[in-house]
Amino acid sequence: RLLLGAYVVAFAEVVGLTLALSPFAAVTRPALLVGLVVLLVMAQANWILLGAPRLPAPPLEPIHALVRVPVLLALAVVVGLALAYVVALIVGTPPNTWDSLTYHLARAAFWRQAGGVGGIESAYDERLEISPPNAEIALTFVLELTRDERLAGFVQLAGLLAAAIGIFTLARALDLARREAAFGALLFLTLPIVLLESSTTQNDLVAASLLVAA
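The rules we used
- For every chain, the first residue of the written sequence is number 1, and numbering continues from 1 onward in sequence order.
- pLDDT decides what is reported in this predicted model: residues at 70 or higher carry local features, side-chain atom pairs at 80 or more are listed and counted, and totals for whole chains, interfaces and linings draw on all residues regardless.
- Each side-chain value is worked out from all heavy atoms of the structure, with water and hydrogens disregarded.
- Per the convention used, a helix needs a DSSP run of H or I reaching at least four residues, while a strand needs a run of E reaching at least two, with both numbered from the N terminus.
- As a reference, a globule follows 2.2 Å times the number of residues to the power 0.38, and the radius of gyration itself is taken over C-alpha atoms.
- Relative accessibility under 20% of the residue-type maximum defines a buried residue, over 50% an exposed one, and the middle range a partly exposed one, all with a 1.4 Å probe and only protein chains included.
- By the convention used here, residues are in contact when the closest approach between their heavy atoms is within 4.5 Å.
- Per-residue and other accessible areas follow the Shrake-Rupley method at a 1.4 Å probe size, with only the shown protein chains counted as cover for residues.
- Think of it this way: Lys and Arg go in the positive column, Asp and Glu in the negative one, and His and the chain ends go nowhere.
- By convention, charge coordinates are those of NZ in Lys, CZ in Arg, CG in Asp, or CD in Glu.
- By convention in these notes, a salt bridge is any Lys or Arg side-chain nitrogen within 4 Å of a carboxyl oxygen on Asp or Glu.
- Helix span, expected: 1.5 Å multiplied by one less than the number of residues in the helix.

Caption draft 1: Geometry of the overall build of the protein. Helices and strands together make up the secondary structure of the protein, namely 11 helices and 0 strands. Over its C-alpha trace the protein gives a radius of gyration of 19 Å, about what one expects of a compact globule, namely 17 Å for 214 residues. Its C-alpha atoms give the protein principal-axis dimensions of about 55 × 45 × 30 Å. Out of the 214 residues belonging to the protein, those deemed buried represent 38%. Sequence-distant contacts in the protein: of pairs separated by 6 or more residues, those separated by 24 or more amount to 72%. Accessible surface, the protein: about 12100 Å² in total, of which carbon and sulfur atoms supply 70%. With 12 positive and 15 negative side-chain charges, the protein shows a spacing of 13 Å between the two charge centroids.

Caption draft 2: Representation of the pattern of salt bridges in the model. Overall, the coordinates contain 6 salt bridges when judged by the stated rule. Residue Arg127 is joined to Asp125 by a salt bridge in which the shortest nitrogen-to-oxygen separation is 2.8 Å. Between Asp148 and Arg150 there is a salt bridge, and its shortest N-O distance comes to 3.2 Å. When its relative accessible area of 34% is taken as the criterion, Arg150 is described as partly exposed. One network of salt bridges, with partners in common, ties together Asp99, Asp125 and Arg127.

Caption draft 3: Main features of helix α4 (residues 70-92). Taking 1.5 Å per residue, 23 residues should reach 33 Å; α4 reaches 33 Å between its end C-alpha atoms and fits that length. When α4 is considered as a whole, its buried residues turn out to be Leu72, Leu75, Val79, Leu83, Val86 and Ile90.

Spelled out as structure tokens, the structure:
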């Protein structure tokens, strides 16, 4: 739950910071870096005010469960290889899907050009105006900070991993055993549509991760 909560908070900070800078057309690399430093200082101050609590030790039970069950271990190896390939695709291949180029990245590019999130005049695709914006706000954030469209693919990959953690957490909340929860999370990571989406700059896995977290 700690990892899932950290993901939600971090995503909310990215969206909130970008939206806060948008009315001033200030979504630029320097402003975003300053904003991140301010958020870090605020988080550090809050941690000190709370008495500098220690983070809980990472749970090792799921890992032990994987090792003890050959089926889970084999599934974990397959997932690991698949995710390694996804990372290689992200790093080595520029975005090239139709949706990415005509809608998702285009939306982020328009917002970068305007200096903030807002309406797109004479939009050639209605999705540029009416679709939920959170994933593209994260793309805008990454593109402006890194100036590398390939790295924008990590937004969806983060959503993939968060969704898997959320599935495990939800299964445990429903009183399923750790082995069963791990199997569900790993099985999710082998679904073809999920893996195909995870290397793109689209928004499906981002939406799924936030839904699972909720």
